[in-house]
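# Tertiary structure, described
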Amino acid sequence: LAKTTQPISMDSYEGQEVNITCSHNNIATNDYITWYQQFPSQGPRFIIQGYKTKVTNEVASLFIPADRKSSTLSLPRVSLSDTAVYYCLVVSSFFGNEKLTFGTGTRLTIIP
Amino acid sequence: DTAVSQTPKYLVTQMGNDKSIKCEQNLGHDTMYWYKQDSKKFLKIMFSYNNKELIINETVPNRFSPKSPDKAHLNLHINSLELGDSAVYFCASSQEGEAVNYQETQYFGPGTRLLVL
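Residues numbered from 1 in each chain as written. Chains lettered and ligands numbered in written order. Predicted model: local features only at pLDDT ≥ 70, side-chain atom pairs only at ≥ 80, totals over all residues. Heavy atoms only, no water.

### Some remarks on unusual backbone geometry
The linkage connecting Thr7(B) with the following residue, Pro8(B), adopts the cis geometry, with an omega of -5°. By secondary structure assignment, the location of Pro8(B) is in the loop between strand E1 (4-7) and strand E2 (10-13). Even without a glycine there, the phi angle at Arg77(A) is positive, about 45°. The topology assignment puts Arg77(A) in the loop between strand E7 (70-75) and strand E8 (84-91). (Helix = DSSP H or I, 4+ residues; strand = E, 2+ residues; numbered from the N terminus.)

Structural data, given as structure tokens:
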């Protein structure tokens, strides 16, 4: 099982770039790294997914070093609406009894 | 238009009762899941179903039983409810990718807030 560890909370000002790091020391070869965003009273929402190096979409970037033991979610120029809990998830193939592991989540608060 | 829907949205009940939470997805996905989110916001998987077959079952009490009448539905039945069952329960679905090493995205429902008194 690839257990994940994230900071419990982070604060940032509007307009700043925010980087949230997730540790997954026991990540396996077939594991992918996925980040979700959750607003209060809502279900988690997919943000970005990657296997190695860098992935970028319209919302965020995901940086994964060569050893893949950690990953960093980067949110450019955050706004108040980015205040949410961010979960790091390591997902294995479902051919077999692999277990899904969510991180503890990082509560990001954006300050005006 | 909703991708993953759950009913009811809120559920307040007494200890010892039996209740069900329903989940439906209209995305044509192969796999559906149930998660429990406790008061500390930890999100833990409980079950997943792929083609009507249980493939993951975390160490949850056997009072919890998932039931899937078809690929689009995964209901959660809870017997003899206890105070500790109070939480938000999320349903999710995903479609296994066809490409090698592709990992699917999970789509979550809005959650069912269960309060056991």
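Still to come is the rest of the account.
### As for the state of the cysteines
Disulfide: a covalent bond connecting the sulfur atoms of a pair of cysteines. Considering all chains together, one arrives at two disulfides over all chains under this definition. Between the sulfur of Cys22(A) and that of Cys88(A) lies a disulfide, 2.2 Å long from S to S. Its S-S torsion of approximately -80° makes the covalent link between Cys22(A) and Cys88(A) left-handed. Of this pair, Cys22(A) sits in strand E2 (residues 18-23) while Cys88(A) sits in strand E8, placing them 66 residues apart in sequence. By the burial criterion, Cys22(A) is buried, and Cys88(A) matches it. Two residues, Cys23(B) and Cys91(B), share a disulfide whose sulfurs are 1.8 Å apart. Residues Cys23(B) and Cys91(B) are joined through a disulfide that is left-handed, its torsion about the S-S bond being -75°. (Disulfide = S-S within 2.5 Å. Buried < 20%, exposed > 50% of the residue type's maximum accessible area, 1.4 Å probe, protein only.)

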